[in-house]
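Close look at the chain arrangement
Take a look at the letters that make up each chain.
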Amino acid sequence: MISPTRRRFLGAAALLGGAACVRNAQTLPRVDEPSPAVQELAEAITAGATSPRERAIAIYRFVRDEIRFGFTPYFDEARPGQTLDAKRGHCNPTGVLFASLLHAVNVDALLHFVTIDNRVLHGLGGFPARLNHAYTEVRLDGGWIPVDGYIVDPALFAGARAKLERSGRRLGWGMHRDAVQEWDGREAAMGQLCDPAMVLEDHGTYVDALDFFQSEAYSQRLGGVAGAMYRWFGVDAINRAIDNVRA
């Protein structure tokens, strides 16, 4: 049974525009062409899977369980190999990794970028008031399914849910109180962007994340003193706060 929150998301997904011209193309360009290492990993993850849905679910579970939610010095510029090496990532680089693994086994996926406020990260440190967030749309059986439940790892999911229940908050510590982690390859599975009302701006789907990161809509460029402070002090402080929630 689809929960009311997931039904609202599915109903509103069609209103989040920008993808029609891409989806109607005869050949769907890929988000971050898989490297040989990503190709090999994707094939190992999906060994024994007999359908696109089974391959997509296997990759979803790998990313959810093996890539901890957190931040790296590369921030949004992390390539899939760097995210794999760090075993850590936030919504944007983890989404790029997820899409790249899907493409490696011939499952179509697009990254959908939106702007949300920072309440989803309440309790994890200081963040800009507005955040660029990516979720993935996966094409299965001719339809596009929105997912971002792979972003929050199981240990953080448990810790954050406990904090949300105790505090009575809807959002915080990296997730929404209605977050789901399991995905059946048929319905939406959202862990952070569970409610369409969270969307402040919709930037549409992108066949390459770099196109969004180079656009005027992207607001998270880290340069100069701010970038240096993030890399020297911010990354470790934020990750410690996230690890404390897991504990």
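Criteria and cut-off values
- Residues numbered from 1 in each chain as written.
- Predicted model: local features only at pLDDT ≥ 70, side-chain atom pairs only at ≥ 80, totals over all residues.
- Heavy atoms only, no water.
- Helix = DSSP H or I, 4+ residues; strand = E, 2+ residues; numbered from the N terminus.
- Contact = heavy atoms within 4.5 Å.
- Expected span 1.5 Å × (residues − 1).
- Buried < 20%, exposed > 50% of the residue type's maximum accessible area, 1.4 Å probe, protein only.
- Pairing = 2+ DSSP bridges.
- Axes fitted to C-alpha atoms, helices over the stretch in contact; angles between N-to-C directions.
- pLDDT = per-residue confidence, 0-100.
- Core = buried A, V, L, I, M, F, W, Y, C linked by side-chain atoms within 4.5 Å.

Let us look at the environment of Thr94. Summarising the element assignment, Thr94 is placed in helix 6 (residues 91-104). Sequence separation of Thr94 and Ala134 is 40 residues, and the distance between their C-alpha atoms is 9.0 Å. Once you skip the residues sitting within four places of it in the chain, Thr94 turns out to touch Val63, Ile67, Gly89 and Tyr150.

Our focus in this paragraph is helix 7 (residues 154-167). Taking 1.5 Å per residue, 14 residues should reach 20 Å; helix 7 reaches 20 Å between its end C-alpha atoms and fits that length. Within the span of helix 7, buried status applies to Leu156, Phe157, Gly159, Ala160 and Leu164. Just past helix 7, the residue Gly168 takes up positive phi, approximately 80°.

Next up on the list: the sheet that holds strand 5 (residues 143-147). The strand order 5-4-3-8 describes an open sheet built from 4 strands, whose pairing is antiparallel. Looking at the sheet topology across the chains shown, the edges are occupied by strand 5 and strand 8 (201-206). Ignoring which end each strand starts from, the neighbouring axes of this sheet average 25° apart. The pairing of strand 3 (residues 109-117) with strand 4 (residues 130-140) spans 9 bridges and is antiparallel. Residue pairing across strands places Leu111 opposite Thr136, the latter belonging to strand 4. This element, helix 6, spans strand 3, strand 4 and strand 5 of the sheet and lies at about 15° to strand 4.

Time to look at the pairing of strand 3. Burial within strand 3 is extensive, with 8 of its 9 residues counted as buried. Of the pairings in the sheet, the one linking strand 3 to strand 8 comprises 5 bridges and is antiparallel in character. Bridge assignment links Val114 to a residue of strand 8, and that residue is Asp202.

Take the confidence of the model for the protein next. Confidence in the prediction of the protein, expressed as mean pLDDT, is 86, and 83% of residues score 70 or more. Here residues 4-8 scores under 50 on pLDDT; set against residues more than four positions off or in separate chains, the count is 7 contacts. Across residues 10-27 the pLDDT falls below 50, and counting only partners more than four positions away or on other chains, this stretch makes 23 contacts in the model.

Take the nonpolar core next. One broad rule of soluble globular proteins: the nonpolar side chains tend to lie buried together. Judged by nonpolar contacts, the single largest core of 68 residues is most densely connected at Phe98, Val147 and Trp183. Broken down by element, the residue count for this core peaks at 8 residues, all from helix 6. Apart from residues no more than four positions distant in its own chain, Trp183 is found in contact with Ala56, Ile57, Tyr60, Val138, Leu140, Ile145, Val147 and Ala189.

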